[in-house]
Amino acid sequence: MGLLSDPNRRRALINLLTRLNAPICAVCYIAGVAWFMGLAFEPFTLRTYMSENAMGSTMVEERFPAGERALATGREFAAHKKRAGGMPVDWLVKTMQSRGLEVFTQKFSRTLPFPDENKERYMVKGTNVYGILRAPRAPRTEALVLTAPCSPGDDNNQAVGLLLGLAQYFRNQIYWAKDIIFLVNEHDLIGMQAWLEGYHHTNTTGIDWSPLQGRGGSIQAALSLELSSDIITSLDLVLEGLNGQLPNLDLANLFYAFCQKIGVTCTIQGKPCCPDHDADGNEASQRPTMGGPRAFFTCHHCWQVRTNDFSFINQILKLNNLLERLHQSYFFYLMPSLSHFVSIGYYMPAFGLLAVILLLRALDLWVQLATPPVRTEDGIADLEQSSPEVLSVLTPLVISHLTGAALYFFPIQFQATAVEHFPVSESEAVVLTAIAIYTAGLALPHNTHRLLSGEGVEQDWRVLKLIAVLYMAVLLGCTALINFSLGFILALTLVPMAAFITPHRPKVLSAFIMVILSPACTLLFLVFFFQDLQEIPVSFEDGWMLFLSVISQGILDHSLYGSLVYPLIALMVYPCWLLFWNILFWK
Amino acid sequence: MKIPTLLSLFAACFVAGSANIEENVGQFFSSGHTNNWAVLVCTSRFWFNYRHVANTLSVYRSVKRLGIPDSHIVLMLADDMACNHRNPKPATVFSHKNMELNVYGDDVEVDYRGYEVTVENFLRVLTGRLPPSTPRSKRLLSDDRSNILIYLTGHGGNGFLKFQDSEEISNVELADAFEQMWQKRRYNELLFIIDTCQGASMYERFYSPNLMALASSQVGEDSLSHQPDLAIGVHLMDRYTFYLLEFLEDIHPASKANMNDLFKVCPKSQCVSTPGHRTDLFLRDPGSVLITDFFGSVRKVEITTETISLTDPIKQVEEIAVHGEQEKETYSYVDQLPVSEIIHQKPKQKDWHPPDGFILGLWTLILLVFFKSYGAKHLKHIF
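Small disclaimer: the values here were computed from a predicted structure and weren't measured.

## Here we look at the UniProt feature "active site" (unreviewed entry) in chain B
Residue and element names in this part refer to chain B. Listed under "active site" (unreviewed entry) in the UniProt record, and renumbered for this structure, are His 155 and Cys 197. These annotated residues cover 43 residues of sequence, and their C-alpha atoms all fall within 6.4 Å of one another, placing them together at a single site. Among the secondary structure elements, His 155 is positioned in the loop between strand S4 (146–153) and strand S5 (156–157). At 2.8 Å, the side chain of His 155 forms a polar contact with the side chain of Asn 49. Checked against the element boundaries, Cys 197 lands in the loop between strand S8 (189–195) and strand S9 (211–215). On the accessibility criterion, Cys 197 (18% relative accessible area) is buried. Residues contacting Cys 197, with those up to four places away along its chain left out, are Gly 156, Gly 157, Ser 217, Glu 221, Asp 222 and Ser 223.

This is the structure we're talking about:
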C-alpha cells in the first residue's frame, strides 16, 4: 500500500538511504551553495515595486529654498558644540523654539560593562533634544521622526543644520497629517535607545533615562540623517536591523523611487546598484555580527532608514500620505542591489538544502541505532545490547552547555580579577577571557571521560550525535528564519562538520578541520573577507585586532542594545560544536 | 378696398399660422421624456483616490450647468477630499492642474457622504425602496417619463466595482436593479456611464430595454489617470472623464449634438484604453438622441400668442427611419402576473380526438373477458 507502511519497500528505502547517504549529502551541499550563488540572477530576483497604495502618487518639491541657511545653521551648531564641549543643549532648545516647535529634553546615563575602545567611552551621560511639529489639522495619533545624531568632533554638523532648516520649512506648510518629531540625540545609538525606550515606556536594556515630557502619536516611520560633507554626490541607504530584523521593503522602494526621480547616484550599504556586482552584493548582504544595529525602531514596529540625503523632503511627503503602518510589502528579503530584491520564498531553499543534510544524517543514525549489530566473525554475538546509558549521553550535553554558560558569563564577571592579575585593559581582558574559555573547551573530552564511571558503549556516540544533529538543525533553522545571513554562514561551516564527524575518523586531521570550521575561526575569516570586500585588505595583525574588537563589540551590543548574536553563539552554537568535538574524541 | 384685402390676408395668415402651430404641437411632444434625473456616484475614499471625487464633481458641475437642478441630482461621494488633512488647499477640489477649476465650490450638495455610500444605499436609491423617513433629497423620485443619467467611478475589475474599500457591486446586481426599475416604471430611458478599470464588464449583463451604456475601458484594460498636480501631489482626473468634460464644455442647452458624438470621445490614442458602448437595448437610434436628453434638463418652450385646444389626443410625430432601417418593434411591458403559467390549465381541445389508449385497452379487456366467459353467441344481444 503506502510507501512507508509496506515493510519491503521500507527496507528498500532504508537501504537506499544508508548506502547513498554520503553522496546525497554532498550533492545537497553543493546544490545549496549553488542556489545561494544563483540568488543574484534573473529567476530569483524581482524588480522592486511600491506595494502601498497610499504612497503611489508623487508630490515633488522642486527646490528646497533654505539650503544656504541650513548650511549657516550647521556652522553655528558646530561652533556651539565646540564651545560646550559636547551637545549644546541650550542653544538647540532656543533654536527649535524659535522655529515654532514644542521642545523637550531627556537626560540619560549608562555605565558600560567594560570600556569601549572603539568609541572611547565607559560611563556615558547625555541629553537628547527633540522638538515636535504638531500637525495643523490632524489628531495627534501618528508621528514621523527625523533624527540627526550629534557626533563628537566635526562630523554631521550639516545634518543638524539641515534638520533645523527643514523644521522651519515644514512649519510653514499646512498639509501635514502626522506630527513630525525632530530629534537630535547624543551618543548616537545609546541616546537613540534611551529616547525610544522613554517614548514607548519600556526598559529592556537598563539605561537610566528621565521620562519624556512631550509625546506625539505612534511612530509610523523614521529617517536618520548623516551627512559627511557639504556637497552631496551620492545617497546611501543602510537597511540594517537589530538581530537581523529588516524594515518593510516599501521604505527602500520609496528611497529608490526618489533617487530615480531626482537622478542622483544611489547606493545600498556602500555598494552601487549595478547588476554586475551580484555575487559581491550577495556576500556583502550577509554581515552577521558586525555593522551595528542602526535601526532600533524595528523593535518597536516602526521602520527606520539611514540616508545621507539632502533632498529627501519628498520622502517625508510620501510618508505623510500613509494611512496605516507600512505592512503591504515584504519583511523578509535580501537586496543584492537597490532595484532588485529576493524574497524569502526564493532564498530559503538554499538553507533548506543544507538543513536536509542534517536530517538525512539523523535518519541514517536512527536506522543504525534501530538495527541489531552484525554478528561477529567468531559467532559470539553480542547478545547484550545494553541500552545507551543516559548518563553517558547526558554528561557531554550538560558539560557543553555549562561551558557555553561560562563563556557567556565569565568574561564580564571576572574582568576585574583578570585586570588585577594581567597587564591588560578591561576590554582586552574580557575578550581574552572569552577566547581562553573557548580554547579551554577543546580540552573537555578528556575530562569528561574521567567523570564517567565505565567506558562508553559503542552505540552511545550515535545517540549523542543524533541528538546533536537534530539540535543543530533546529538551531540553525530558527536562526536562518530571523537572520538569514547569520544562519546561512553558520550552516555553511557547521553542517559539513556535523555530517561527517565520527569517532572513527583520523583524529588529528579531523580535529584540525573542526577547529577551522568552528564559529570563532569562521568569524576570523569573515573579518578578513569583509575587509577584502570593502577593498581595504588588512594585514594579519590588523585583522587580529579587528577580530578582537568585533568580539568586544558583540558583547557590548548585547548588553547595551539587546543584540542576540553573542548569547546565541555562546549559549547555543558553541555548545553544539563542543558536542561534536566530544564525539570526535569518543572512547 | 385695400383694407379688407389686408385684413383677409392677415386672417389667412393667422389661420395658416394657427394651423401650423396645431400641427407642430405633435412635434412638441416628440421626445418621450418630461424630466431629467442624475445619479452620480464616486465609490472610493482616501486621499490617493482624489481623482475619483474630482471626476464625479466635474460631471456634477456640467450637469448642473446644463439645467438639472440639485433636487433632481443624487450625489454620492465619500467627501473626504476637501477637508482632508493632507490637502494643501483646504476646502477645494481641483479638476485641472494649475488649479484652474475648483469643482467643489460653495454650492455643492452631497446627498450621500462618507460611509453612507454603500452598495445597499445605491441599490435602494435606484429601486426606490427607501424607508419612509428618508428625506426627499436622498430619493430618486423618477417616473416613467424620466430620463436618468447614472455615472459611476472608482476602482473596478472584471464584473465588479469596489465600494469604499469594503464591498463590491457586481454587474449582475446592477442589471437586476435596472430591471426592477423598468418593471416599476421608474425610467423612460437610462444612460449609464462608468469610468473604472475594465468598465465594459459592468454593462455586459444588462437586459432591460431602453438602456444605453458607455465605459472607459474594455475587459482586461485599465483606465488610466490623466495628470498629476505637483502642488497637490495627487492625480487630479481620469483620462476618460477629462475628455468627456472637454466634450461637454461645448454643449449648451440648445445644442444638437447627439450620442454618436459622445461615443467618439476619448479614442484610444488619447485614452490609452479603448472606450466601449452598448446600444442594442436602446429603442431609438443613437444618432437621434440629443446629449441634452440626458445631461441637461431642457424645457421646450415655444412662444405663441395663439390659444391651442388640446382636446384631441396628440399624435406623436413618427420618426423618419434613418438609413432606411426598419422600425424596431415597440416593447411592451412585461406581464406582471402571468396567470397561465401559474395555474397550469390545459388548453380546451376543439378537435375530436380518439379516446385515450387506456380507456380503449380497458374496454377491450372487459369485452374479451365477457365473451370468454359467456361465449360469442351473446354478441347479438349487444349489437
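## Looking at unusual backbone geometry
For residues that are not glycine, phi is negative in most cases, and the peptide bond is trans in most cases. All names here are of chain B. Positive phi, normally seen in glycine, also occurs at Phe 46, with a value near 85°. By the secondary structure assignment, Phe 46 is in the loop between strand S1 (35–42) and helix H2 (50–65). When its relative accessible area of 25% is taken as the criterion, Phe 46 is described as partly exposed. The phi torsion at Cys 266 lies on the positive side, around 60°, for a residue other than glycine. Tracing the sequence through the fold places Cys 266 in the loop between helix H6 (259–263) and helix H7 (268–271). Assessed through its relative accessible area of 2%, Cys 266 is described here as buried.

## A closer look at the UniProt feature "transmembrane region" (unreviewed entry) in chain A
Residues and elements named next belong to chain A. According to UniProt, the positions carrying the feature "transmembrane region" (unreviewed entry) are residues 20–41, 344–363, 390–410, 468–501, 508–530 and 564–586. For the annotated span residues 344–363, helix accounts for 100% and strand for 0% of the residues, and the straight-line distance between the end C-alpha atoms is 27 Å. Here residues 564–586 is 87% helix and 0% strand, with 32 Å between the C-alpha atoms at its ends.

## Some details on the interface of chain A and chain B
A common way to express how large an interface is: the accessible area buried when the components associate. Contacts between the two partners involve 19 residues from chain A and, on the opposite side, 16 residues from chain B. Our count for the chain A to chain B interface comes out at zero salt bridges. Where chain A packs against chain B, one counts three residue pairs in polar contact (both at pLDDT 80 or more). The class makeup of the residues in the side of chain A that touches chain B is 11 nonpolar, five polar and three charged.

## Observations regarding the domain arrangement of chain A
Residue and element names in this part refer to chain A. Once the domains are mapped, chain A shows domain 1 (53–274 + 295–338) and domain 2 (391–585). Of the roughly 1,900 Å² buried between domain 1 and domain 2, counting both surfaces, carbon and sulfur atoms make up 61%. Taken together, domain 1 and domain 2 are joined by zero salt bridges. Linking domain 1 to domain 2 there are two residue pairs in polar contact (both at pLDDT 80 or more). Looking at the side of domain 1 that touches domain 2, the elements with two or more residues in it are strand S2 (102–116) and helix H5 (188–200).

## A look at the pattern of salt bridges
As enumerated under the stated definition, the model contains 17 salt bridges over all chains in all. Put simply, Asp 364 of chain A and Arg 361 of chain A hold a salt bridge, and the shortest N to O gap is 3.4 Å. Here Asp 364 of chain A and its partner Arg 361 of chain A are both found in helix H9 (residues 344–370), three residues apart, which amounts to about one turn of the helix. For Asp 364 of chain A, a relative accessible area of 6% gives the class buried. Residue classification places Arg 361 of chain A among the buried positions, given a relative accessible area of 10%. Between Asp 293 of chain B and Arg 284 of chain B there is a salt bridge, and its shortest N-O distance comes to 3.2 Å. Relative accessible area serves as the criterion here: at 12%, Arg 284 of chain B is assigned to the buried category.

## Examining the state of the cysteines
Under the counting rule described, the total for this entry stands at one disulfide over all chains. Summary of cysteine pairing: Cys 478 of chain A is not part of a disulfide, and the nearest cysteine sulfur, belonging to Cys 576 of chain A, is at 12 Å. Among the residues examined, Cys 478 of chain A registers a relative accessible area of 46% and is labelled partly exposed. Left without a disulfide partner, Cys 83 of chain B is nearest to the cysteine sulfur of Cys 42 of chain B, which lies 15 Å away.

## Some points on the environment of Gln 531 of chain A
Take Gln 531 of chain A: it is sitting in helix H17 (residues 519–533). Ignoring sequence-local partners within four residues, the contact set of Gln 531 of chain A consists of Ile 536, Pro 537, Val 538 and Leu 546 of chain A.

## Describing H17 of chain A
All names here are of chain A. For H17, built from 15 residues, the straight-helix expectation of 21 Å at 1.5 Å per residue is met to within 8% by its first-to-last C-alpha distance of 20 Å. Along H17, the residues that are buried comprise Pro 519, Thr 522, Leu 523, Leu 524, Leu 526, Val 527, Phe 530, Gln 531 and Leu 533. Two residues or fewer past H17, Glu 535 is found with a positive phi of approximately 65°.

## Here we look at a negative patch on the surface
All names here are of chain A. Among the surface-exposed residues, Glu 117, Glu 120, Glu 426 and Glu 428 lie close enough to one another that they form a single negatively charged patch. Locating Glu 120 in the fold gives a position in the loop between S2 and strand S3 (121–133). A residue is classified by how much of its surface remains accessible, and Glu 120, at 70% relative accessible area, is exposed.

What counts, and at which threshold
Within each chain, residues carry numbers counting from 1 in the order of the written sequence. Labels follow written order: the first chain is A, the first ligand is 1, and so on. Whole-chain, interface and lining totals are the exception, using all residues; otherwise, since this is a predicted model, local features are given only for residues with pLDDT of at least 70 and side-chain atom pairs are given and counted only at 80 or more. Only hydrogens and water are set aside when side-chain values are computed; all heavy atoms of the structure are taken into account. UniProt positions are given in the numbering used here, feature names are shortened, and annotations may be inferred rather than shown by experiment. The way it works is that DSSP assigns letters per residue, a run of H or I at least four long becomes a helix, a run of E at least two long becomes a strand, and they are numbered from the N terminus. Contacts described as polar in this section are N or O atom pairs within 3.5 Å, which, within protein, must combine one atom able to donate a hydrogen with one able to accept it, while residues neighboring in sequence count only if both atoms come from side chains. Burial classes: relative accessible area under 20% of the type maximum marks a residue as buried, over 50% as exposed, and values in between as partly exposed (1.4 Å probe, protein chains only). We call two residues contacting when some pair of their heavy atoms lies within 4.5 Å. We define a salt bridge as a side-chain nitrogen of Lys or Arg found within 4 Å of a carboxyl oxygen belonging to Asp or Glu. Nonpolar residues are Ala, Val, Leu, Ile, Met, Phe, Trp, Tyr, Cys and Pro. Charged residues are Asp, Glu, Lys and Arg, and all others, Gly as well, are polar. A domain assignment, automatic or from a database, supplies the domain bounds used here. Reported buried area values correspond to the accessible surface (1.4 Å probe) lost by two parts on association, with both partners' losses combined. A pair of sulfur atoms, both from cysteines and within 2.5 Å, is called a disulfide here. Helices are assigned an expected span. That span is 1.5 Å times one less than the residue count. Here the term patch refers to residues with relative accessible area over 30% and no salt bridge, with like charges joined within 9 Å and nonpolar side chains (Val, Leu, Ile, Met, Phe, Trp, Tyr) within 5 Å. Surface accessibility follows the Shrake-Rupley procedure with a 1.4 Å probe radius. Residue values consider only the protein chains on display as shielding. Two residue types count as positive, namely Lys and Arg, and two as negative, namely Asp and Glu; His and chain ends fall outside the count. For this purpose, a charge sits on NZ of Lys, CZ of Arg, CG of Asp or CD of Glu.

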